[in-house]
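Structural description and commentary
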Amino acid sequence: MERLNSKKKIAVFISGKGSNLNNLIKYSQLNKSLFKIELVLSNKANAGGLKFAELNKIKNYIFDKEIQLFEKGAIKLISKFKIDIICLAGFMRILSPYFLKEVKIPILNIHPSLLPKLKGLNTHERAIKAKYKYSGCTVHFVNNELDSGKKIVQKKIKILKKDTPRSLAKRILKLEHKAYIEAIEKII
Ligand code: GRF
């Protein structure tokens, strides 16, 4: 009981299919978890990940107009539900300096590359094109610069000769799932 009450409350921001979200939800339901997923916010009405929130009866909200309205809504909900940590998981918008200043809790992001290499989009394609030997994923704090905040956890794998952007993405996604949990538990 005590553990349940002391679990940190997380809000997850998504835009897409939500495999990271689903993985965090599943882990959070284990007794050993130090956190619970309290809220899910999406900037896309059709984000596949919303179904995981629904299935698990997690409060979820859609703000699919301007990013300013998303941020305004998010600020209110974060305060209302006393959220401790925000996790961006496939959230495809850049949060404004205003939001980052206003929200006084840690904001984490997961990026599918070995940062500082390959910031931005299409990382797997670029990793293969550049003939990198390794790629991976990084969980980091969010700051005012894209994919540039302090690293929390980084995991790497070898890029195989036969890898396509799709096969590499699939293998890295599995690593992402482990890395996100490790990173959250590390900062708690
Ligand atoms: C992940 O590869 C994440 O690193 C990137 O977007 C993808 C989201 O996947 N930022 P999912 O929606 O969690 O399945």
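Every chain begins its residue count from 1, and numbering advances along the sequence as written. Only residues with pLDDT of at least 70 get local features here, since the model is predicted, and only at 80 or more are side-chain atom pairs given and counted; chain-wide, interface and lining totals rely on the full set of residues. Side-chain numbers come from the whole structure's heavy atoms, not from hydrogens or water.

1. Section: the overall build of the chain
Broken down by element type, the chain carries seven helices and seven strands. Helices (α) and strands (β) of the chain occur, in sequence order from the N terminus, as α-β-α-β-α-β-α-β-α-β-α-β-β-α. It is over C-alpha atoms that the radius of gyration is taken, and the globule rule equals 2.2 Å times the number of residues to the power 0.38. The C-alpha atoms of the chain give 16 Å as radius of gyration, which agrees with the globular expectation for 188 residues (16 Å, within 12%). The buried share among the 188 residues of the chain stands at 46%. Throughout, a residue-residue contact means that at least one pair of heavy atoms, one from each residue, lies within 4.5 Å. Of the contacts made within the chain by residues no fewer than 6 positions apart, 63% connect residues no fewer than 24 positions apart. Accessible surface is estimated by sampling points in the Shrake-Rupley manner with a 1.4 Å probe; for residues, cover comes only from the protein chains shown. Looking at the chain as shown, the accessible area adds up to about 10,700 Å², and 55% of this sits on carbon and sulfur atoms. Secondary structure elements follow DSSP: runs of H or I of four or more residues count as helices, runs of E of two or more count as strands, with numbering from the N terminus. Type-normalised accessible area, obtained with a 1.4 Å probe on protein chains alone, sets the label of each residue: buried when under 20%, exposed when over 50%, and partly exposed for intermediate values.

2. Re the pattern of salt bridges
Any two side chains of opposite charge can pair if their charged atoms end up close together. One speaks of a salt bridge when a side-chain nitrogen belonging to Lys or Arg is within 4 Å of a carboxyl oxygen belonging to Asp or Glu. Taken as a whole, this structure holds five salt bridges when the rule is applied. Note that Lys155 is salt-bridged to Glu182, the shortest N-O span being 2.8 Å. You can see Lys155 sitting in strand S7 (residues 151-158) and its partner Glu182 sitting in helix H7 (residues 165-187), a full 27 residues away along the chain. Lys155 gets classed as buried once you look at its relative accessible area, which sits at 18%.

3. Regarding the nonpolar core
Nonpolar cores were defined as sets of buried Ala, Val, Leu, Ile, Met, Phe, Trp, Tyr and Cys residues, with membership established by side-chain atoms within 4.5 Å. In this structure, Val12, Ile37 and Tyr180 are the most contacted members of the largest nonpolar core, which totals 36 residues. By residue number, the principal contributor to this core is H7, which donates eight residues. The residues touching Ile37, leaving out its near neighbours within four places in the chain, are Ile10, Val12, Leu21, Leu24, Ile25, Ser28 and Ile58. Judged by nonpolar contacts, the second largest core, of 20 residues, contains Ile67, Phe81, Ile83 and Leu100.

That is the geometry; function is a separate question.
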